[in-house]
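Inside the fold
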Amino acid sequence: MNIVSEKIKSCYDTLPSAEKMVADFVLERKDDLFQYPIKELARLSGTTQAAWTRFAQAIGYTGLKDLKNAYYSEANVSLKQADKGPKIAFKDVNEYTSLQSIADNICATSVQAIQTTYRLFDTGNFSEIVNKIVTAKQIQIFGVGTAGVAAYDLYCKLLRIHYNVVFNQDHHMNLMTVSQIGPEDVAMFFVDNPKNKEVMQLFNIASKKDAITIAITKLGNNTLTTGCKHVLFTTSPEIDKKSGITSSRFAQLFMVDTLYTAICNRDYNNIREYLRFSYEVFNEQPKE
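Nothing here was measured: the structure is a model prediction, and the numbers come from that model. (Residues numbered from 1 in each chain as written. Predicted model: local features only at pLDDT ≥ 70, side-chain atom pairs only at ≥ 80, totals over all residues. Heavy atoms only, no water.)

1. Some words on the overall build of the protein chain
A count of helices and strands for the protein chain gives 13 helices and five strands. A total of about 16,700 Å² of accessible surface is found on the protein chain, and carbon and sulfur atoms cover 53% of it. (Helix = DSSP H or I, 4+ residues; strand = E, 2+ residues; numbered from the N terminus. Areas by Shrake-Rupley, 256 points an atom, 1.4 Å probe, with all protein chains shown as cover.)

2. Remarks on the confidence of the model for the protein chain
When the pLDDT values of the protein chain are averaged, the result is 85; 85% of them are 70 or greater. Throughout residues 78-83 the model reports pLDDT below 50, and contacts reaching past four residues in sequence, or to other chains, amount to zero contacts. (pLDDT = per-residue confidence, 0-100. Contact = heavy atoms within 4.5 Å.)

3. Some remarks on unusual backbone geometry
Of note, His 162 is a non-glycine position whose phi angle comes to about 70°, a positive value. Here His 162 shows up in the loop between α8 (147-160) and β2 (165-167). Despite not being glycine, Asp 210 has its phi angle at roughly 65°, a positive value. Its place among the elements puts Asp 210 in the loop between α10 (197-208) and β4 (212-218). On the basis of relative accessibility, which here comes to 43%, the residue Asp 210 falls in the partly exposed class. (Buried < 20%, exposed > 50% of the residue type's maximum accessible area, 1.4 Å probe, protein only.)

4. Remarks on the pattern of salt bridges
Applying the stated criterion across every chain yields a total of eight salt bridges. We note a salt bridge from Asp 153 to Lys 157, for which the minimum N-O separation is 3.0 Å. Within this pair, Asp 153 and its partner Lys 157 are both found in helix α8, separated by four residues, close to a single helical turn. For Lys 229, the salt bridge goes to Asp 210, with nearest N and O atoms at 3.3 Å. Of the two residues, Lys 229 is situated in the loop between α11 (223-227) and β5 (230-234) and Asp 210 in the loop between α10 and β4; the sequence distance between them amounts to 19 residues. Since its relative accessible area comes to 45%, Lys 229 is described here as partly exposed. Overlapping salt bridges, with partners in common, bring together Asp 153, Lys 157 and Asp 257 in one network. (Salt bridge = Lys/Arg side-chain N within 4 Å of Asp/Glu carboxyl O.)

5. Regarding the sheet that holds β4
With parallel pairing, the five strands of this open sheet are ordered in space as β2-β1-β3-β4-β5. In this open sheet, the two edge strands, each paired with only one partner strand, are β2 and β5. Between one strand and the next, the sheet's axes are offset by a mean angle of 15°, whatever the strand orientation. In this structure, strand β3 (residues 186-191) lies alongside β4, joined through six bridges in parallel fashion. Within β4, the position partnered with Val 186 by the bridge is Ile 212. On top of the sheet, helix α7 (residues 123-135) reaches β1 (139-143), β3, β4 and β5; it is set at about 120° to β5, its chief contact. (Pairing = 2+ DSSP bridges. Axes fitted to C-alpha atoms, helices over the stretch in contact; angles between N-to-C directions.)

6. Description of the pairing of β4
A large share of β4 lies buried, amounting to six of its seven residues. Inspection of the sheet shows β4 paired to β5 by five bridges, in the parallel sense. Within β5, the position partnered with Ala 215 by the bridge is Val 231.

7. Points about helix α12 (residues 248-266)
Taking 1.5 Å of rise per residue, 19 residues should cover 27 Å, and α12 covers 27 Å from first to last C-alpha, within 8% of that figure. Residues Ser 248, Ala 251, Gln 252, Phe 254, Met 255, Val 256, Leu 259, Tyr 260, Ile 263 and Cys 264 constitute the buried set of α12. (Expected span 1.5 Å × (residues − 1).)

8. Quick look at the side chain of His 230
In this structure, His 230 sits in strand β5. The contact partners of His 230, leaving out residues within four places of it in the chain, are Asn 125, Glu 128, Ile 129, Lys 132, Ile 212, Thr 213, Ile 214 and Ala 215.

9. A look at the packing of aromatic side chains
Tallied over the entire structure, the rule returns seven aromatic pairs. Measuring from centroid to centroid gives 5.3 Å for Phe 142 and Phe 189, while their planes differ by 20°, and the two rings are stacked. With Phe 142 in strand β1 and Phe 189 in strand β3, this pair connects stretches of sequence that are 47 residues apart. For the pair Phe 142 and Phe 189, a shared accessibility class is recorded, and that class is buried. Put simply, the rings of Phe 142, Phe 189 and Phe 203 touch in pairs and so form one group of aromatic residues. (Phe/Tyr/Trp six-rings, centres within 6.5 Å; stacked < 30°, edge-to-face > 60°.)

10. Some remarks on the packing of α12 against helix α13 (residues 268-283)
Following both chains from N to C, one finds α12 and α13 inclined at 110°, their axes separated by 6 Å at the closest point. One element, α12, and the other, α13, form an angle in the roughly perpendicular class. Residues Tyr 260, Cys 264, Asn 265 and Arg 266 of α12 lie in contact with α13, whose contacting residues are Tyr 268, Ile 271 and Leu 275. (Parallel < 35°, antiparallel > 145°, perpendicular 65-115°, else oblique.)

11. Some words on the environment of Tyr 72
Assignment of secondary structure puts Tyr 72 in helix α5 (residues 64-80). With relative accessibility at 52%, the residue Tyr 72 sits in the exposed group. In this structure the C-alpha to C-alpha distance between Tyr 72 and Phe 34, which are 38 residues apart in sequence, comes to 9.2 Å.

Structure follows, in structure tokens:
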């Protein structure tokens, strides 16, 4: 992770306009920091030398030189520590000897879950799934257990862009909605255990109704993955199955964010006003 860039992004909204111009320049043209003196950087960014100094101080550095040193140090550390970092230790939840070892393991499994899922990414299959969702008459989303967290997240995201989407946590409500599904509708199944009886019941109904079925589940061959018209595979290490800590959640949320971004990109002309309006609503200051 580029810590300097993360600092800039986290402070960006609080910066004055001149410092925001500097921030934009740094994020877009970081390499120029090492090629030009502060006077030239001020000219190129349309600001002043003082704005550059204030910007560096606002994000936690003494000045431009200190900011440059931070970027330089990060670049060297990234090269030296490639493929290094916390390692996964497979142990029971009661076997950890320190808080640091717990943090290391959770970090390692979460990162690995995203990276291994990313390596399974199939652009052609993903593009077809995005098209099906964008053109669907209705999208019904189902999720059981921890997979329900990712299912609900996608539901909320699609609601924001005004899609006709349905999600319920109650199985009887799910049975009612899936009984009304049709060939122009999409049924999405988020599940850790593809053999879950409730999920399979919903899937069988959706299949009989000839709906477009999409599974987001663990890598492997089973009735759900072979029966669904489209499958997005996730994979993750589980360090302690008894503890209830599931790194698969991070893999599923990665898939949700990728799906949502691709949908917005594909359907931007139709949904951009919904994005704008929802942003304004969430950021509107309460009246005193």
